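A look at the structure
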Amino acid sequence: MFQLSDLFIFLAVGISFALSGYLWFNGYREQGVFTALWVPTILAFGIYVKVSALLARRD
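Just so it is clear, the structure is predicted and the values come from calculations on it, not from any experiment. (Residues numbered from 1 in each chain as written. Predicted model: local features only at pLDDT ≥ 70, side-chain atom pairs only at ≥ 80, totals over all residues. Heavy atoms only, no water.)

What follows deals with the overall build of the protein. For the protein, the count of helices and strands is 3 helices and 0 strands. The N-to-C order of helical and strand elements in the protein reads α-α-α. Relative to a compact globule of 59 residues, whose C-alpha radius of gyration would be 10 Å, the protein shows 14 Å and is clearly more extended. Viewed in the frame of its principal axes, the protein has a C-alpha envelope of about 50 × 15 × 10 Å. Carbon and sulfur atoms make up 75% of the accessible area of the protein, which amounts to about 4900 Å² in all. (Helix = DSSP H or I, 4+ residues; strand = E, 2+ residues; numbered from the N terminus. Rg over C-alpha atoms; globule rule 2.2 N^0.38 Å. Areas by Shrake-Rupley, 256 points an atom, 1.4 Å probe, with all protein chains shown as cover.)

Okay, here's the thing in structure tokens:
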């Protein structure tokens, strides 16, 4: 069900989430918030790639 590209997307999201939490709780709040914004961006990019691949396979 999951492809290797999906696992890389989830890995990138997990790293971004962990890094943002680390920054937030170590006093770098602005950098933590900025890094936390990467999470939905990476997920949106992954959805775009997945949908594009499905549409290309359909044609």
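Moving on, there is more to tell.
So, on to the packing of aromatic side chains. On inspection of all chains with the given rule, the structure shows 1 aromatic pair. When the centroid spacing of 5.8 Å and the interplanar angle of 75° are considered together, the rings of Phe34 and Trp38 count as edge-to-face. We note Arg29 situated over the ring of Trp24; from NZ or CZ to the ring centre the distance is 4.4 Å. (Phe/Tyr/Trp six-rings, centres within 6.5 Å; stacked < 30°, edge-to-face > 60°. Lys NZ or Arg CZ within 6 Å of the ring centre and 35° of its normal.)

Function cannot be read off these values alone, since they describe shape.
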